[in-house]
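Working through the structure, step by step
Chain residues, written in single-letter form:
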Amino acid sequence: MIRYNLRCERGHAFESWFQSSTAYESQEKRRLVSCPSCGSVKVERAIMAPQIVSKKGREDSRRVPAAEIAGTEGAAPEATPLLMAQELELRAKIKELRDHITKNADNVGERFPNEARKMHYGDIEHRPIYGEASPDEARALIDEGVEVSPLPVLPDDRN
């Protein structure tokens, strides 16, 4: 996993995690990376300081007992050195959002592009839906003015 500091064309700064630099470049090229503040897909990587851990540093951190990381004997750590408390909180909120959507919306599967289009043009009644769309189908919907966005996926979801 790699974390990038990003900035949209309007100057909003945010960060996001990607499987790899190639995954980021692929998603950016397909205009799937968007600003959470304004929705702009004109996003670029911001200048960031690399976080480099030497081999010795990794070995030392593996030997530190969890109680020492947490700061109190016998207590479980809130976060590992690589996954800080804020990141855990953000992941929990993203999972909560996704769970809310899947519990309160209809899964229309591969019919998603057609159903979303029908609702947009008033052919059927609006209702919350989710489903599947290829990147090309999603881009076509966005180009038509249909408001869609991907369900968030977390690294833990790859079971």
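Every value quoted in this text rests on a predicted model; they were computed, and no experiment measured them.

1. Description of the overall build of the chain
Regarding its fold elements, the chain presents six helices and five strands. Counting from the amino terminus, the chain carries its helices and strands in the arrangement β-β-α-β-α-α-α-β-α-β-α. Out of the 159 residues belonging to the chain, those deemed buried represent 21%. Put simply, of all contacts in the chain between residues at least 6 apart along the chain, 39% involve residues at least 24 apart. Carbon and sulfur atoms make up 50% of the accessible area of the chain, which amounts to about 11700 Å² in all.

2. Structural notes on the state of the cysteines
All chains considered together, the criterion is met by zero disulfides. Just so you know, Cys 8 is unpaired, no disulfide at all, and the nearest cysteine sulfur is the one on Cys 38, 3.8 Å from it. Looking at Cys 8, the relative accessible area reads 5%, which means it is buried.

3. What to know about helix α5 (residues 112–120)
Regarding α5, the residues found buried are Phe 112, Pro 113, Glu 115, Ala 116 and Met 119. The buried residues of α5 all sit within an arc of 165 degrees when viewed along its axis, so they share a single face. Elements that come into contact with the buried residues of α5 comprise β4 (106–109), β5 (129–131) and α6 (135–143). Immediately downstream of α5, the backbone of Gly 122 shows phi near 80 degrees, a positive value.

4. Some words on a negative patch on the surface
Taken together, the side chains of Glu 110, Glu 132, Asp 136 and Glu 137 present a region of like negative charge at the surface. Residue class for Glu 132 comes out partly exposed when judged on its relative accessible area of 49%.

5. A short note on the pattern of salt bridges
Under the defined criterion, the tally for this structure stands at ten salt bridges. A salt bridge links Glu 25 to Arg 45; the nearest nitrogen and oxygen atoms lie 3.3 Å apart. Of this pair, Glu 25 sits in helix α1 (residues 21–29) while Arg 45 sits in strand β3 (residues 43–45), and the two are 20 residues apart along the sequence. Given the relative accessible area of 37%, Glu 25 is considered partly exposed. The partner of Glu 89 in a salt bridge is Lys 93, with the nearest N and O atoms 3.2 Å apart. Of the two residues, Glu 89 and Lys 93 both sit in helix α4 (residues 85–104), four residues apart, roughly one turn of that helix. In this structure Glu 89 comes out as partly exposed when scored by relative accessible area, which is 44%.

6. Things to note about the nonpolar core
In a soluble, globular protein the nonpolar side chains are often hidden away together inside. Residues Tyr 4, Leu 6, Cys 8, Phe 14, Phe 18, Tyr 24, Val 33, Cys 35 and Val 43 constitute the largest nonpolar core, which totals nine residues. For this core, the elements supplying multiple residues, two or more each, are β1 (2–8) and β2 (13–18). Examining the composition of this core, we find that three residues originate from one element, β1, more than from any other. Setting aside residues no more than four positions away along its own chain, Tyr 24 makes contact with Tyr 4, Leu 6, Phe 18, Val 33, Val 43, Glu 44 and Arg 45. Counting seven residues, the second largest nonpolar core, distinct from the first, contains Val 108, Ala 116, Ile 129 and Val 146.

7. Examining the environment of Gln 19
Structurally, the position occupied by Gln 19 is in the loop between β2 and α1. For Gln 19, a relative accessible area of 46% gives the class partly exposed. When the C-alpha atoms of Gln 19 and Ile 2 are compared, they prove to be 6.3 Å apart, with 17 residues separating the residues in sequence.

8. Quick word on unusual backbone geometry
With phi around 60 degrees, Arg 31 is a residue other than glycine that occupies positive phi space. A residue is classified by how much of its surface remains accessible, and Arg 31, at 38% relative accessible area, is partly exposed.

Criteria and cut-off values
Residues numbered from 1 in each chain as written. Predicted model: local features only at pLDDT ≥ 70, side-chain atom pairs only at ≥ 80, totals over all residues. Heavy atoms only, no water. Helix = DSSP H or I, 4+ residues; strand = E, 2+ residues; numbered from the N terminus. Buried < 20%, exposed > 50% of the residue type's maximum accessible area, 1.4 Å probe, protein only. Contact = heavy atoms within 4.5 Å. Areas by Shrake-Rupley, 256 points an atom, 1.4 Å probe, with all protein chains shown as cover. Disulfide = S-S within 2.5 Å. Arc of directions from axis to C-beta. Patch = residues over 30% accessible without salt bridge, like charges linked within 9 Å, V, L, I, M, F, W, Y side chains within 5 Å. Salt bridge = Lys/Arg side-chain N within 4 Å of Asp/Glu carboxyl O. Lys, Arg positive; Asp, Glu negative; His and termini not counted. Charge placed at Lys NZ, Arg CZ, Asp CG, Glu CD. Core = buried A, V, L, I, M, F, W, Y, C linked by side-chain atoms within 4.5 Å.

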